[in-house]
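# What the coordinates show
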Amino acid sequence: MSEQTMRIAALYPDLLNIYADRGNLLMLERRCAWRGIGFELTRSTIGDELDPDAHDLLYLGGGQDRDQQLCAVDLTTVKRDAVHAHAARGGAVLAVCGGYQLLGHHYALEPGVTLPGVGLLDLHTERGEGRLIGNVAIEVDGRTLAGFENHGGRTILAAGQEPLGRVLSGHGNTGVSGFEGARSGNVVGTYLHGPLLPKNAWFADELIASALGVRADELEPLDDRFEDAAHAGARRAAGV
Ligand code: GLN
């Protein structure tokens, strides 16, 4: 395990980083370091080419509509082929909120204004009345992810698209569908900020494992007392 390195490309870290979503990267970095797993972080923003074979995980955080607009154009032109090639060879992708919306087919912001999406997930997003805000907990494969959501977009999954989880408390993709997020193989999108990973260490390990091509139970166990307390606090906040 110690000879492995987790290679991450953070896409648009200067534009997509609300609610301290970069904390997700710190969490991955620390959990790799504690286990003696190497960690390489590349930042790739507007105009930067992306190497489709150079990364184990692509990461996108959340952002304001206007920042998403800049990223949407770049993601669907400059980086489009590389992102698809990365996913097609089994590379992992984690996208939060604004980043999640950009993984779908499009985000209809207002009449006449639609942002293109990169189409890794079979879904689209439409701006709704008011915002879906608050603490949220979802069930994923019998386990709980807890976090915080704040989005104006409602994300509608196509018939065959697997959600990430089922809403236990909070709004999720639309406020009424009962679904939260979406996943397809190693590509995961979610509305959960918090940041997501420091509040859900088990999910961070799932990502590390999927990026490295091992099972999560093959990773060296860590002393997770603080992480467990953070998780419990986030669940309490969501009333779960
Ligand atoms: N701007 C998007 C929306 O409001 C995403 C917001 C976010 O990333 N928190 O739906």
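Above this note sits the structure.
Residues numbered from 1 in each chain as written. Predicted model: local features only at pLDDT ≥ 70, side-chain atom pairs only at ≥ 80, totals over all residues. Heavy atoms only, no water.

## With respect to the site of the ligand
Contacts to the ligand come from 16 residues, most closely from Asp65, Gln68, Cys97, Arg131 and Gly153. Contact distances for the ligand include 3.4 Å between an oxygen atom and a side-chain N or O atom of Tyr107. Between the ligand and Asn150 there is a distance of 3.0 Å, counted from a nitrogen atom to a backbone nitrogen or oxygen. Contact with the protein chains covers 98% of the free accessible surface of the ligand, which is 300 Å². Among the elements of the structure, helix H2 (65-75), helix H4 (98-102) and strand E8 (143-157) are those that each provide at least two residues to the shell around the ligand. Examining the composition of the shell around the ligand, we find that 4 residues originate from one element, E8, more than from any other. Split by residue class, the shell around the ligand holds 3 nonpolar, 11 polar and 2 charged. (Near = heavy atom within 4 Å. Polar contact = N/O pair within 3.5 Å; in protein donor to acceptor, adjacent residues only side chain to side chain. Areas by Shrake-Rupley, 256 points an atom, 1.4 Å probe, with all protein chains shown as cover. Helix = DSSP H or I, 4+ residues; strand = E, 2+ residues; numbered from the N terminus. Nonpolar A, V, L, I, M, F, W, Y, C, P; charged D, E, K, R; others polar.)

## Points about the pattern of salt bridges
By the definition in use, this model includes 14 salt bridges. The residue Asp65 makes a salt bridge to Arg127 at a minimum N-O spacing of 3.0 Å. Pair noted here: Asp65 is in helix H2 and Arg127 is in strand E7 (residues 123-140), with a separation of 62 residues, a long-range link. Asp65 gets classed as partly exposed once you look at its relative accessible area, which sits at 21%. In this structure Arg127 comes out as partly exposed when scored by relative accessible area, which is 32%. Taking the shortest distance from any N to any O, the salt bridge between Asp74 and Lys79 comes out at 2.5 Å. Owing to a relative accessible area of 0%, Lys79 belongs among the buried residues under this scheme. Here the salt bridges do not stand alone but share partners, grouping Arg31, Arg35, Asp205 and Asp224 into one network. (Salt bridge = Lys/Arg side-chain N within 4 Å of Asp/Glu carboxyl O. Buried < 20%, exposed > 50% of the residue type's maximum accessible area, 1.4 Å probe, protein only.)

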